Each structure stands twice: as structure tokens, then as C-alpha cells.
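Listed below are the residues making up each chain.
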Amino acid sequence: MSTSQLRTLWHRYYHVPVPKGLSRDLLIRFIAYRLQEEAQGGLGKATLRRLEALGARLRCPDGADSRCLPASLRPGTTLVREWNGTTHMVLVLEDGFEYRGERFPSLTKVAAAISGLHRSGPAFFGLKRDASRFAEQGRGFARAEVRDV
């Protein structure tokens, strides 16, 4: 298949634009994985729970909630992030986040919806120290702020 055809398949299976810089080889591998997942089923519920528990321990050394957000991020807080010239507003809820009328379980999922790439949600919204690296690398960072309501 041509790269153009692969990009069309990517969009059909992932419903987001192809991430910039994704090599043709990785594009093929991701599409192949999605086809295999559809044909044979994805990971089992027990495996997904185990992976989530392991990921939570990596993100939160003390075993706290997997989102590990600052205590100041209370429900009703609005996160504002400018990305590639567009301002994005995210509302913090009791059990997740709301972005453009859709609910997300984690800030990382919101960051992925905005950027098209998997990246740390807290870092993307400037809630962690390493957020400055996005500005240094010129990845569309212009401003991120927290507004308490």
C-alpha cells in the first residue's frame, strides 16, 4: 500500500490524524495491530486491570489515584491550553474531565485528543515541572493556565 492509503486506513481505525513524525514502518505496525485486535479480540479485562494497576504505581509511587493531579485541581477548575494556535478549555470533574462536551477518564486522554499523540496530560497542561520541555522543543506550546471557578 502507498503511504497515502496507509494514512487513510489509520484514520479509519484510530479516528485521529496520523501523528507527525510517525514512520511508515510504525504506521504499518499500528494498523496491523488494530486489524489483529479486531479479528482476535483485544486484551482481556483482567490484563487491562493489571496493566492499569502497574501503570498507576509507576505514575504514583505512593499508590495514590492514577491521575496524580495536584490537590489544587478541584472539580470546577478549568484548564486552558493553547495548542497550534487554538485555545482548548478542559473542565475538571469529580470523576474525570470534560472537553468539548465529551467526558474523559484522564487528563492524558484529553491531551491525546488535542494533540493526536500520547503524552502526559499533567505535563501537557503545565501541571508538572517537565512541561517546559514542550516549549523548548517548539511543539505548539504557547500557554497553559489553571482557572479556579
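Residues numbered from 1 in each chain as written. Predicted model: local features only at pLDDT ≥ 70, side-chain atom pairs only at ≥ 80, totals over all residues. Heavy atoms only, no water.

1. Quick notes on the confidence of the model for the chain
Atomic detail in the predicted coordinates should be set aside for any region of low pLDDT. Rule in force here: Every residue gets a pLDDT, meaning the predictor's confidence in that residue, from 0 to 100. Runs of H or I in DSSP of at least four residues are treated as helices and runs of E of at least two as strands, each being numbered from the N terminus. The contact definition used throughout considers only heavy atoms, calling two residues in contact when any of these lie within 4.5 Å.
In this model, the chain carries an average pLDDT of 78, and 74% of its residues clear a pLDDT of 70 or more. The least confident element of the chain is helix α6 (residues 132-136), whose mean pLDDT is 39; the most confident is strand β4 (residues 102-104), at 94. Within the model, pLDDT remains below 50 along residues 62-67, and this stretch shows eleven contacts once partners closer than five positions in the same chain are excluded. Confidence drops under a pLDDT of 50 for residues 129-144, and excluding neighbours within four residues, the segment shows 29 contacts in the predicted structure.

2. Section: the environment of R81
For the record, the criterion: In protein, a polar contact means a hydrogen-donor-capable atom and an acceptor-capable atom, both N or O and within 3.5 Å, with residues adjacent in sequence counting only if both atoms are side-chain atoms; elsewhere, any N or O pair within 3.5 Å suffices.
Within the fold, R81 resides in strand β1 (residues 78-83). Separated by 2.5 Å, the side chain of R81 and the backbone oxygen of F124 make a polar contact.

3. Structural notes on the nonpolar core
When a protein is soluble and globular, its nonpolar side chains tend to lie buried together. As a reminder, the rule being used: The term nonpolar core refers to a set of buried residues drawn from Ala, Val, Leu, Ile, Met, Phe, Trp, Tyr and Cys, joined through side-chain atoms within 4.5 Å. A 1.4 Å probe rolled over the protein chains alone gives each residue an accessible area, and that area as a share of the maximum for its type sets the label: buried under 20%, exposed over 50%, partly exposed in between.
Counting 14 residues, the largest nonpolar core has L79, V90, L107, V110, I114 and F125 as its most contacted members. Elements that contribute at least two residues to this core include exactly β1, β2 (86-93), β3 (96-99) and α4 (107-115). Of all the elements, α4 adds the most residues to this core, at four residues. Those residues in contact with I114 that sit more than four places away from it in its chain are W83, H88, Y99, F124 and F125. Counting nine residues, the second largest nonpolar core, distinct from the first, contains L6, Y13, V18 and L22.

4. Brief notes about the packing of aromatic side chains
Short version of the rule: Ring pairs shown here join Phe, Tyr and Trp side chains whose ring centres sit within 6.5 Å, with only the six-membered ring taken for Trp; geometry is labelled stacked below 30 degrees between planes, edge-to-face above 60, and tilted in between.
For the structure shown, the criterion picks out six aromatic pairs. Centroid distance Y14 to F30: 6.4 Å. Interplanar angle 90°. Geometry classified as edge-to-face. Of this pair, Y14 sits in helix α1 (residues 3-14) while F30 sits in helix α2 (residues 24-40), and the two are 16 residues apart along the sequence. On the basis of relative accessible area, Y14 is assigned to the buried category, the value being 18%. The class of F30 is partly exposed, set by a relative accessible area of 37%. With 6.4 Å between their ring centres and 55° between their planes, Y99 and F104 make a pair best called tilted. Pair check on accessibility: Y99 and F104 agree, each one buried.

5. A few points about α2
The criterion, for reference: Here a helix's expected span is defined as the number of its residues, less one, multiplied by 1.5 Å.
Taking 1.5 Å per residue as the helical rise, α2 with its 17 residues ought to reach 24 Å, and the 24 Å between its terminal C-alpha atoms agrees with that figure. Immediately downstream of α2, the backbone of G41 shows phi near 90°, a positive value.

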